[in-house]
Amino acid sequence: MFEFIQRALGLKKDDPTASKNTAKERLRLVLVQDRASMSPATLEALKEDLIRVISEYMEIDQTGLEVSLSSEDESVALVCNIPILKLKRNAKEQETAS
Amino acid sequence: MGEVIVVTSGKGGVGKTTTTANIGTGLAVMGNKVVLVDTDIGLRNLDVVMGLENRIVYDIVDVVTGNCRLKQALIKDKRFEDLFLLPAAQTKDKTAVSEEQMRELTQQLKEEFDYVIIDCPAGIEQGFKNAIAGAQRAIVVTTPEVAAVRDADRIIGLLEAALLAEPKLIVNRLRPSMVKKGDMMDIDDMIEILAIELLGVVPEDEAIVISTNKGEPAVLDKQSKAGEAYRNISKRITGEHVPLMNLEADGFFRRLRRLFGA
Ligand SMILES: Nc1ncnc2c1ncn2[C@@H]1O[C@H](COP(=O)(O)OP(=O)(O)O)[C@@H](O)[C@H]1O
Ligand SMILES: [Mg+2]
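Residues numbered from 1 in each chain as written. Chains lettered and ligands numbered in written order. Predicted model: local features only at pLDDT ≥ 70, side-chain atom pairs only at ≥ 80, totals over all residues. Heavy atoms only, no water.

1. A word on the overall build of chain B
Phase 1 of the analysis: If you tally the helices and strands in chain B, you get 12 helices and 8 strands.
Phase 2 of the analysis: Principal-axis analysis of the C-alpha atoms places the extent of chain B at approximately 70 × 40 × 35 Å.
Phase 3 of the analysis: Counting all 262 residues of chain B, 53% fall into the buried class.
Phase 4 of the analysis: Taking contacts inside chain B between residues at least 6 apart in sequence as the whole, the part at least 24 apart equals 74%.
Phase 5 of the analysis: Working note: accessible area of chain B is about 12000 Å², and carbon and sulfur atoms make up 48% of it.
Phase 6 of the analysis: Taken as two groups, the 33 positive and 39 negative side-chain charges of chain B have centres that lie 5 Å from each other. (Helix = DSSP H or I, 4+ residues; strand = E, 2+ residues; numbered from the N terminus. Buried < 20%, exposed > 50% of the residue type's maximum accessible area, 1.4 Å probe, protein only. Contact = heavy atoms within 4.5 Å. Areas by Shrake-Rupley, 256 points an atom, 1.4 Å probe, with all protein chains shown as cover. Lys, Arg positive; Asp, Glu negative; His and termini not counted. Charge placed at Lys NZ, Arg CZ, Asp CG, Glu CD.)

Okay, here's the thing in structure tokens:
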């Protein structure tokens, strides 16, 4: 009865079991997954940019390079596996020094 | 030079066509020259919602393929001098029109009209690409449901990728009593999750069904809450600042009175 009056008067606060909260939570999770997916073309472009930048510092195995997005619970990570062939000694330092 | 606004959503059945008809009519009531373009080729709808289905001779495909002149295909509204409809073709499919043709068409239309409102088909395929091709502004329609908001998020991403930045959101079919009970996502939830600016909120309203039955947009119905919401949205589109209306038909005092049997 007391709850009924509270409800009727609009005093009842958010109920954590209300279905809107379930909806919000499910929406959040599904969007983390959705937003984490990149088109293969975008992923390829990212890969090429990475190769270009990293190659200024070290020689890498371009064919063995792997780039992917991985999502766990609520966070997304960019996972790269980049085999190094040879480190370039003072490749970039020279530029910044000059 | 007028403005081209696309009404889109991703998910079907959330109210794109209803919204196009109502804001188009709303803008015409305010004295603007308006043309509504139905790009849902194969699933023509906007003509029926506007009550103009018996007047169609030519359609959008006839125009872009040069089968008729643009002027011949434009259907004048029954009620407003300066409101027109360019209907979709019913017997062709989405590939009957190209993005380039849509850009040319909208370019031509905005030289004549203050507002060119484009009703987009559901989905993210060719029909969607055509609908947004010539647009300068985008309105994303959603309902307060997980699937619809999810699709809206995808559409917002695609609009941004197409350089149609800063789309605005309309939340349709909101039920204030369900929001109150905690059984429907509220506006703040959706705005926060989608990170998008709100253009307006349209309540669930039987007047929409009735107006669609009659072919008279609810925006013309002074008694309808949804109509009022669409009048406000039309004003906001022209740059007027209109506060969000109070959707609670069930105010505190009314509830109190009912509780005590008055
Ligand atoms: N605010 C509303 N209240 C009640 N019914 C609505 C409302 N908005 C849309 N509808 C109904 O929902 C259905 C789908 O709307 P429609 O505009 O055709 O969606 P879409 O163009 O996105 O597929 C129609 O039957 C319409 O009358
Ligand atoms: Mg439609």
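Next comes the rest of the write-up.
2. Things to note about the pairing of strand 5 (residues 115–119) of chain B
Residue and element names in this part refer to chain B.
Phase 1 of the analysis: Among the 5 residues in strand 5, 5 count as buried, and that is most of the element.
Phase 2 of the analysis: Inspection of the sheet shows strand 1 (residues 3–8) paired to strand 5 by 5 bridges, in the parallel sense. Each bridged residue has a counterpart across the sheet, and for valine 6 the counterpart in strand 5 is isoleucine 118.
Phase 3 of the analysis: Two elements, strand 2 (residues 34–38) and strand 5, share 5 bridges in a ladder whose sense is parallel. Note that in strand 5 the partner of valine 37 across the bridge is isoleucine 118. (Pairing = 2+ DSSP bridges.)

3. As for helix 5 (residues 99–112) of chain B
All names here are of chain B.
Phase 1 of the analysis: Over its 14 residues, helix 5 extends 20 Å from the first C-alpha to the last, a length consistent with the 20 Å expected when each residue adds 1.5 Å.
Phase 2 of the analysis: Within helix 5, the full set of buried residues consists of Met102, Leu105, Thr106, Leu109 and Lys110. One side of helix 5 carries all its buried residues, which in axial view fall inside an arc of 130°. Relative to its buried face, helix 5 has exposed residues pointing more than 90 degrees away, namely Glu104 and Glu111. (Expected span 1.5 Å × (residues − 1). Arc of directions from axis to C-beta.)

4. Considerations on the site of ligand 1
All names here are of chain B.
Phase 1 of the analysis: Residues in contact with ligand 1 amount to 15 residues; listed here are only the nearest, Gly13, Lys16, Thr17, Thr18 and Asn172.
Phase 2 of the analysis: One nitrogen or oxygen atom from the side chain of threonine 17 is found 2.8 Å from an oxygen atom belonging to ligand 1.
Phase 3 of the analysis: Calculation on ligand 1 without its partners gives an accessible area of 570 Å², and the protein chains cover 80% of this total.
Phase 4 of the analysis: Here the shell around ligand 1 is composed, by residue class, of 4 nonpolar, 7 polar and 4 charged. (Near = heavy atom within 4 Å. Polar contact = N/O pair within 3.5 Å; in protein donor to acceptor, adjacent residues only side chain to side chain. Nonpolar A, V, L, I, M, F, W, Y, C, P; charged D, E, K, R; others polar.)

5. Examining the pattern of salt bridges
Phase 1 of the analysis: Summed over the entire model, instances satisfying the criterion amount to 16 salt bridges over all chains.
Phase 2 of the analysis: Residue arginine 150 of chain B is joined to aspartate 34 of chain A by a salt bridge in which the shortest nitrogen-to-oxygen separation is 2.6 Å. Remark: aspartate 34 of chain A occurs in helix 2 (residues 19–36) and arginine 150 of chain B occurs in helix 7 (residues 146–161); the pair is interchain, linking two chains.
Phase 3 of the analysis: The salt bridge involving arginine 79 of chain B is made with aspartate 77 of chain B; its shortest N-O contact spans 3.1 Å.
Phase 4 of the analysis: What makes aspartate 77 of chain B buried here is its relative accessible area of 5%. (Salt bridge = Lys/Arg side-chain N within 4 Å of Asp/Glu carboxyl O.)

6. Looking at the sheet that holds strand 8 (residues 197–203) of chain B
All names here are of chain B.
Phase 1 of the analysis: In spatial order, the strands read 3-4-2-5-1-6-7-8; together these 8 strands make up an open sheet with mixed pairing. A single partner strand is all that each edge strand has here, and the edge strands are strand 3 (75–76) and strand 8.
Phase 2 of the analysis: Where helix 9 (residues 187–194) meets the sheet, it contacts strand 7 (168–174) and strand 8, and its direction lies at approximately 145° from that of strand 7. (Axes fitted to C-alpha atoms, helices over the stretch in contact; angles between N-to-C directions.)

7. Considering the environment of serine 177 of chain B
Phase 1 of the analysis: Relative to the helices and strands, serine 177 of chain B resides in helix 8 (residues 176–181).
Phase 2 of the analysis: In the structure, serine 177 of chain B is positioned 70 residues away from leucine 247 of chain B in sequence and 9.4 Å away in space, judged by C-alpha atoms.

8. Some details on the side chain of aspartate 205 of chain B
All names here are of chain B.
Phase 1 of the analysis: Here aspartate 205 is to be found in the loop between strand 8 and helix 10 (206–214).
Phase 2 of the analysis: Within the buried core, aspartate 205 has no salt-bridge partner, and the shortest N-O distance to an opposite charge, that of lysine 225, equals 8.9 Å.
Phase 3 of the analysis: Of the polar contacts made by the side chain of aspartate 205, one reaches the backbone nitrogen of lysine 225; its length is 3.3 Å.
Phase 4 of the analysis: Within the local environment of aspartate 205, its side chain forms a polar contact with the backbone nitrogen of alanine 226, the two atoms lying 3.0 Å apart.
Phase 5 of the analysis: Those residues within four positions of aspartate 205 in sequence are excluded, and the remaining contacts are Ser224, Lys225 and Ala226.

9. Points about the environment of threonine 212 of chain B
Residue and element names in this part refer to chain B.
Phase 1 of the analysis: Tracing the backbone shows threonine 212 in helix 10.
Phase 2 of the analysis: Owing to a relative accessible area of 28%, threonine 212 belongs among the partly exposed residues under this scheme.
Phase 3 of the analysis: C-alpha of threonine 212 to C-alpha of alanine 21: the two residues are 191 residues apart in sequence and 9.9 Å apart in space.
Phase 4 of the analysis: Beyond its immediate chain neighbours, meaning those up to four positions away, threonine 212 contacts Val48 and Val49.
Phase 5 of the analysis: A polar contact is formed between the side chain of threonine 212 and the backbone oxygen of isoleucine 208, at a distance of 2.6 Å.

Read these as spatial facts, not as claims about activity.
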